Structures are given as structure tokens and as C-alpha cells.
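Analysis of the macromolecular model
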Amino acid sequence: MDLAEKNYVNAKEQLNFAQSQVESFNANLKAQEAKLKLLTSGATDNMIKSASIGAEQAEKNLELSKINIDKYTLTSPIDGIVETVNYNKGEFLQTGSPIVTILDKNNMYVKIFVPEKVLPDIKLGQNVILKATL
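Okay, so let's go over this structure. Since we're looking at a predicted model, the values are computed, not measured. (Residues numbered from 1 in each chain as written. Predicted model: local features only at pLDDT ≥ 70, side-chain atom pairs only at ≥ 80, totals over all residues. Heavy atoms only, no water.)

Concerning the overall build of the protein chain
Per the secondary structure count, the protein chain includes two helices and two strands. The linear arrangement of helices and strands in the protein chain, starting from the amino end, is α-α-β-β. A globule of 134 residues ought to have a C-alpha radius of gyration of about 14 Å, yet the protein chain, at 39 Å, is considerably larger. When its C-alpha atoms are laid out on the principal axes, the protein chain stretches across 120 × 55 × 35 Å. Across the 134 residues in the protein chain, those meeting the buried criterion constitute 1%. Summarising the internal contacts of the protein chain: among those between residues at least 6 apart in sequence, 25% fall at separations of at least 24. Carbon and sulfur atoms make up 58% of the accessible area of the protein chain, which amounts to about 13300 Å² in all. Computed over 15 positive and 16 negative side-chain charges, the separation of the two mean positions in the protein chain equals 4 Å. (Helix = DSSP H or I, 4+ residues; strand = E, 2+ residues; numbered from the N terminus. Rg over C-alpha atoms; globule rule 2.2 N^0.38 Å. Buried < 20%, exposed > 50% of the residue type's maximum accessible area, 1.4 Å probe, protein only. Contact = heavy atoms within 4.5 Å. Areas by Shrake-Rupley, 256 points an atom, 1.4 Å probe, with all protein chains shown as cover. Lys, Arg positive; Asp, Glu negative; His and termini not counted. Charge placed at Lys NZ, Arg CZ, Asp CG, Glu CD.)

As C-alpha cells, this is what we get:
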């Protein structure tokens, strides 16, 4: 009797599982039939308008994202090398404060002092080797 009862419970569980599968398959079948009907009958005006509005909204979101990227991107008016960063992350700055100091690669110069006794040996346009001493 115990074995028969276990078999009955197992059979009932299998029946419930099979019924839930049938319900799932029926729901899937109805969804696929609806898709087929849509494909064979074509899109309705409301669906086209909805898709068009969705595409417009996506374009607006893309433009807004580009504006935000431009808003938070630092650019320099000159091509150069960052010499110093004037602020640390998290610090507050005033409007117009220089965030970094940039060396202009096209307008760099070095100021050197030459001993007077060497001056006669140096000619304009001559290549020289500079050594820094501390």
C-alpha cells in the first residue's frame, strides 16, 4: 500500500509537470501565432508610429550623450605637453581656473648662460650639446 501511494504521488507530480509543460507550450504557440499573423498582415499604423517615435527618442538620447561627453571633455587650444596638473581629484575650482599647465611644442625655448670665454666659438645656427649640472 505504501509503495502504491508513493507511485500515486509520483504519477500525480509527473501529471502536474506535464500539464505545466502543455500550458507553457500553448502560451508559446499563441505567441508564435500572433507573430505569424503580424508578419502576414503587415505592421499597423500604430506600430509604425510607435517604432518611429522610439527611433526618434533613441536619436535624441544619442545626441544628449554626445553633448554630455563634450561637456565633460577637457580640450586645449594648443597642441602641447602637460607640464603640471594644478588640481587634485575632488578639489573644487573656480570658473576659468587653469586645470593644467601646457607647454606649447611649437614655441619652446631654453634660456642658457654661456661663459664669456666660450662665446667666440659659438656661431648662429650651430648645433650644440647641452649638459645640465646641479
